Amino acid sequence: MMVALRQSLQQSSVRSLNSVCLLMIIAALLALPFADFRIYSVDPWSELSRIGMGLLLPGWQQPLSLLQAIVHTIAFALLAVAIAAPLGLLLAMVFRWRVVRLFCAAVRSVHELFWGLIFMQLYGISALTGLLAILVPFTGMFAKVFAEIFEQQSNTPAQTLPQAAPALARYVYTLIPQSLPALLSYTRYRFECALRSSAILGFIGLPTLGFHLESAFKQGYYSEAGALLWAFLLLIASIRYWLRPRLLPLYLLAAIWALPETVGFSSGGSLWRFISEDIWPTPLLQGDWPALAEWGAEMWQRQVWPGLLQTLLLTQVAVVLTGVVILLTYPLASRSLAGPWMRWPGRFLLLALRSAPEMVLAYIFLLLFGPSGLPVVLALALHNGGLIAFLVANASDAEEASRTRRPDDPTGLKRYAYVETPRRFPALLALLFYRWEVILRESAIMGLLGVATLGFFIDSAFEEIRYDRAMLLIVVGALLNMVVDTVSRRLRRSFAVAPV
Amino acid sequence: MNFLRYIRHTCLLALLLCGAAVQAETFVFTAIPDQDETQLQERFGKVADYLSKELGVEVRYIPVKSYAAAITAFRNNQVQLAWFGGLSGVQARRLVPGSVALAQGYEDQFFKSFFIAHKSAGLQPGETLPEALKGKTFTFGSKGSTSGRLMPEFYLREQFGMAPEKLFSRVGFSGDHSRTIAQVQAGAYQVGAVNYAVWESELAAGKIDTDKVQVIWTTPTYPDYQWSIRGDVDKRFGAGFQDKVRAALLDMKDPELLASFPRQSFVPASNDDYDPIEETAKAIDLLD
């Protein structure tokens, strides 16, 4: 992905880049007074010191259950990516069909946790639920990004093929080989995302790391929570040492074998019942139109509209703040700015930020600032900022490695302001725009802080077993996501002109 | 052996992927205790062993994360028996016609909730909820909890005649009683509603600093946690199975097993015992 992005970004124009940034910042400033921010005076230090102690002195009594949770986390992620990537590739080849584009936008606009909750209605707490919850949205994501990578490829090799060659041949002989490094690098990045998703699915009951993490955090067993966070961090940090292409078939077989066993699964009619009854409001099923109108009006007024508004406002502020976090943190981890040794603490910081689930960060900020949109925004900005800053620092290091230094190269702040940041900025912005829709989805799941985002209402609807409401809200969330996705694509195009 | 196990897993996955149901005559139950959700598998595995011995069938336990997941598993017949909260039991039995509340904890006959407040909120304990509650920040426990949501919300509405969102400047859902205590103690929320049993056990464990947080009001008592069983178990596991399960639950005397819930013993219960809960849930629009 990086390769493709870099290629296209060389032609970016500074002016449109600046105006896009300005637009985003103005929108965020406009959102500020309306978003739900308020600081309450709190008294968090005894709780925070307990969390701190837990992180410093992690402890876990049953190594076997920890190991099992790690294995399950990896198994779900591996299998989901192994299925989603080829499916995404196939869909990417027909991405010019509008129906495919819409389908992909629809499936990826629903958060993994919500997919998990939906599939749980159909398949219970089972391996299938976990797999589908990751692979369905990931397929949509793969299709979109792969299609964009293909779009950025040069057309010349394809012209050497006979006129009558089928489209498939064009992909197999030219586009796929041309873009293979980008496809693989994106797949690797997605695997890391899949590990995170897999861990987080534990929050709703799948036997992954998140399962124990949620329990430990809930009960205030911070040394156990610390052990789980460290385990997850090490897992993410060590991916490149154990994820070898040659070992993949072995891993996949092992993953199938290691999937958690499904206990007492027996659902004959739940799929049909869910589709035909559960997700439709009762007045609709009874054909009672006035009552349906009333249901709709009430939902709009009490949940849909306030939820939409709050989700959008928080997202806008979070995106801009994410940009600030990237600009502040990436130099700490890059070789050319922090130096070959001093970059390690920076790299560790970014690793910690991107492997700590947002929920955990949000909880800590909740203790610090009290309940409002502020902890949500900070958690989203730090997590996503850490993630993108890591990619940006890597790109900087890759360039640094391939170039001989000149004695008159600027260093320090000058280098940051006049060399590195301008070089990184287009790619940085492109990544931020990719992440926009992710931030939107994630802001929706942080309703637990008493901030009435769409996700807050979706979660309530599932908790109250009101799937008709949940479905309406999920569809609204998906539509919002599609709008944001379209806007972000337009904006990205405006500063990154694809090669002719 | 390993190879056979691998084959079994592969077949299982293949079956799952085909969407086929894997039916086994295993009696499955789930339980979410109101405190300490760690090591569920280990602790409730022992309860499963006990039930298996008493009932003469294989009994398995599945851990779940939320009342909603427990209700779904009960409805889809993934589990046949569940330890529900008052509200989740009512919700589940409405969705599974013929299902029955078998037994409740001794303590659940007269359960209650505490309203707790951070000292800085300046609220004093009293016979009723203080008027000064207006405009404070407030957190419930989990959204589907009887003691952390349903009953507190009912009494708030009864006394103040308005929805919590109107009464308080902010309403959160901590997700769990222990977290409600931690958050009110940290001042993140000024006031919270919590299960009395969790409060008392955390107090005994020295986790609560009473200089920072105190109980300001106690609700009247209400019925809470209970065992509910599906109505079709007799058909599947043999006549009289439901009664055998009830007897096994009432006979559970081992303190180690009871500590998992944690309850001192189980006593008989019926669906009617939970009518007040159902009425309350309807009154605050948690049930249609």
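Residues numbered from 1 in each chain as written. Chains lettered and ligands numbered in written order. Predicted model: local features only at pLDDT ≥ 70, side-chain atom pairs only at ≥ 80, totals over all residues. Heavy atoms only, no water.

K.L.:
Sorry, what's going on with the overall build of chain A here?
P.N.:
Along its length, chain A carries 23 helices and zero strands. The principal-axis extent of the C-alpha atoms belonging to chain A is close to 70 × 70 × 50 Å. With 500 residues in all, chain A has 59% of them scored as buried. Sequence-distant contacts in chain A: of pairs separated by 6 or more residues, those separated by 24 or more amount to 81%. For chain A, the exposed surface amounts to about 21400 Å²; the carbon and sulfur share of it is 69%. Between the centroid of the 38 positive side chains of chain A and the centroid of its 29 negative side chains there is a distance of 13 Å. (Helix = DSSP H or I, 4+ residues; strand = E, 2+ residues; numbered from the N terminus. Buried < 20%, exposed > 50% of the residue type's maximum accessible area, 1.4 Å probe, protein only. Contact = heavy atoms within 4.5 Å. Areas by Shrake-Rupley, 256 points an atom, 1.4 Å probe, with all protein chains shown as cover. Lys, Arg positive; Asp, Glu negative; His and termini not counted. Charge placed at Lys NZ, Arg CZ, Asp CG, Glu CD.)

K.L.:
Please clarify how the sheet that holds strand E6 (residues 137-140) of chain B should be interpreted in this entry.
P.N.:
Paired through backbone hydrogen bonds, the strands of a sheet run either parallel or antiparallel to each other. Residues and elements named next belong to chain B. Across the sheet, which stays open at both edges, the five strands sit in the order E7-E6-E8-E5-E9 with mixed pairing between neighbours. One side of each edge strand has no neighbouring strand; the edge strands of this open sheet are strand E7 (170-173) and strand E9 (213-218). Neighbour-to-neighbour, the strand axes of the sheet open up by a mean angle of 30°, direction not taken into account. Bridge analysis of strand E5 (residues 113-118) against strand E8 (residues 191-195) gives five bridges, and the strand direction is antiparallel. Across the sheet, Ile-116 pairs through a bridge with Gly-192, a residue of E8. Against the sheet, helix H8 (residues 196-204) contacts E5, E8 and E9, and its axis sits at roughly 95° relative to E8. (Pairing = 2+ DSSP bridges. Axes fitted to C-alpha atoms, helices over the stretch in contact; angles between N-to-C directions.)

K.L.:
What should I look at first to understand the side chain of Arg-263 of chain B in this one?
P.N.:
Residue and element names in this part refer to chain B. Among the secondary structure elements, Arg-263 is positioned in the loop between helix H11 (255-259) and strand E11 (266-268). In this structure Arg-263 comes out as buried when scored by relative accessible area, which is 5%. Within the structure, the side chain of Arg-263 is placed 3.0 Å from the side chain of Asp-34, a separation counted as a polar contact. The contact partners of Arg-263, leaving out residues within four places of it in the chain, are Asp-34, Trp-83, Gly-105, Glu-107, Asp-108, Phe-111, Tyr-225 and Leu-258. (Polar contact = N/O pair within 3.5 Å; in protein donor to acceptor, adjacent residues only side chain to side chain.)

K.L.:
What exactly am I supposed to notice about the packing of helix H7 (residues 177-185) of chain B against H8 of chain B here?
P.N.:
To characterise two packed helices, one gives the angle between the axes of the helices and the distance between these axes. Residues and elements named next belong to chain B. Between H7 and H8, whose axes approach to 9 Å, the crossing angle comes to 60°. Classified by the interaxial angle, the pair formed by H7 and H8 is oblique. H8 is crossed by H7, and the crossing has right-handed handedness. Residues His-177, Ser-178 and Ile-181 of H7 form the contact with H8, whose own contacting residues are Val-198, Trp-199 and Glu-202. Of the residues that constitute the contact of H7 with H8, the class distribution is three nonpolar, two polar and one charged. (Parallel < 35°, antiparallel > 145°, perpendicular 65-115°, else oblique. Left-handed = near helix turned anticlockwise from the far one by under 90°. Nonpolar A, V, L, I, M, F, W, Y, C, P; charged D, E, K, R; others polar.)

K.L.:
Honestly, a nonpolar patch on the surface in this entry has me stumped. Any pointers?
P.N.:
Taken together, the side chains of Leu-22, Ile-26 and Leu-30 of chain A present a nonpolar region at the surface, about 300 Å² in accessible area. For Ile-26 of chain A, a relative accessible area of 42% translates into the label partly exposed. (Patch = residues over 30% accessible without salt bridge, like charges linked within 9 Å, V, L, I, M, F, W, Y side chains within 5 Å. Salt bridge = Lys/Arg side-chain N within 4 Å of Asp/Glu carboxyl O.)

K.L.:
Quick question: what am I supposed to make of the domain arrangement of chain A here?
P.N.:
One frequently used descriptor of interface size is the decrease in accessible area upon assembly of the parts. Residue and element names in this part refer to chain A. Domain annotation for chain A reports domain 1 (51-262) and domain 2 (282-500). For domain 1 versus domain 2, the distance between C-alpha centres works out to 18 Å. Contacts between domain 1 and domain 2 engage 35 residues on the former and 36 residues on the latter. Of the roughly 3100 Å² buried where domain 1 meets domain 2, counting both sides, 68% is carbon and sulfur surface. The tally of links between domain 1 and domain 2 comes to five salt bridges. Close ionic contact of Lys-144 with Glu-437 constitutes a salt bridge, the shortest N to O distance being 2.8 Å. Scanning the region where domain 1 abuts domain 2 turns up eleven residue pairs in polar contact (both at pLDDT 80 or more). (Domains from an automatic or database assignment. Buried area = accessible area lost by both parts, 1.4 Å probe.)

K.L.:
Can you help me understand the packing of helix H3 (residues 67-75) of chain B against helix H4 (residues 86-95) of chain B in this one?
P.N.:
Residue and element names in this part refer to chain B. In contact at an axis separation of 9 Å, H3 and H4 are set at 25° when each is read in the N-to-C sense. When the interaxial angle is binned, H3 and H4 end up roughly parallel. You can see that H3 and H4 cross each other, and the crossing is right-handed. In contact with Tyr-67, Ile-71, Phe-74 and Arg-75 of H3, H4 contributes Ser-88, Gln-91, Ala-92 and Leu-95. When the residues that make up the contact of H3 with H4 are grouped by side-chain class, the tally is five nonpolar, two polar and one charged.

K.L.:
Quick question: what am I supposed to make of the side chain of Glu-214 of chain A here?
P.N.:
For Glu-214 of chain A, the position within the fold is in helix H10 (residues 209-219). A residue is classified by how much of its surface remains accessible, and Glu-214 of chain A, at 16% relative accessible area, is buried. Engagement of the side chain of Glu-214 of chain A in a polar contact is seen with the side chain of Lys-65 of chain B, the distance being 3.0 Å. What Glu-214 of chain A contacts, discounting residues up to four positions off in sequence, is Phe-203 of chain A together with Lys-65 of chain B.

K.L.:
Which parts of the structure should I look at to understand the nonpolar core?
P.N.:
In globular proteins that are soluble, nonpolar side chains generally tend to be buried together. By size, the foremost hydrophobic cluster in this structure holds 259 residues, and its most contacted members are Phe-27, Phe-29, Leu-51, Leu-156 and Trp-227 of chain B. Tallying contributions element by element places helix H7 (residues 127-151) of chain A first for this core, with 17 residues. Contacts of Phe-29 of chain B, omitting those with residues within four sequence positions, involve Phe-44, Val-47, Ala-48, Leu-51, Val-59, Arg-60, Tyr-61, Ile-62, Val-79, Leu-81 and Trp-227 of chain B. (Core = buried A, V, L, I, M, F, W, Y, C linked by side-chain atoms within 4.5 Å.)

K.L.:
Just to check I follow, could you spell out the domain arrangement of chain B for this structure?
P.N.:
Residue and element names in this part refer to chain B. Its domain assignment divides chain B into domain 1 (2-108 + 224-283) and domain 2 (112-218). Domain 1 and domain 2 are separated by 30 Å when their C-alpha centres are compared. The partner domain 2 presents 15 residues to the 13 residues of domain 1 that form the contact. Carbon and sulfur atoms make up 57% of the area that domain 1 and domain 2 hide from each other, which totals about 1100 Å². Seen at the junction of domain 1 and domain 2, the total is zero salt bridges. Here domain 1 and domain 2 share three residue pairs in polar contact (both at pLDDT 80 or more) between them. Those elements giving two or more residues to the side of domain 1 that touches domain 2 turn out to be H4 and helix H12 (275-283). By residue number, the principal contributor to the side of domain 1 that touches domain 2 is H12, which donates four residues. The residue inventory of the side of domain 1 that touches domain 2, partitioned by class, reads five nonpolar, four polar and four charged.

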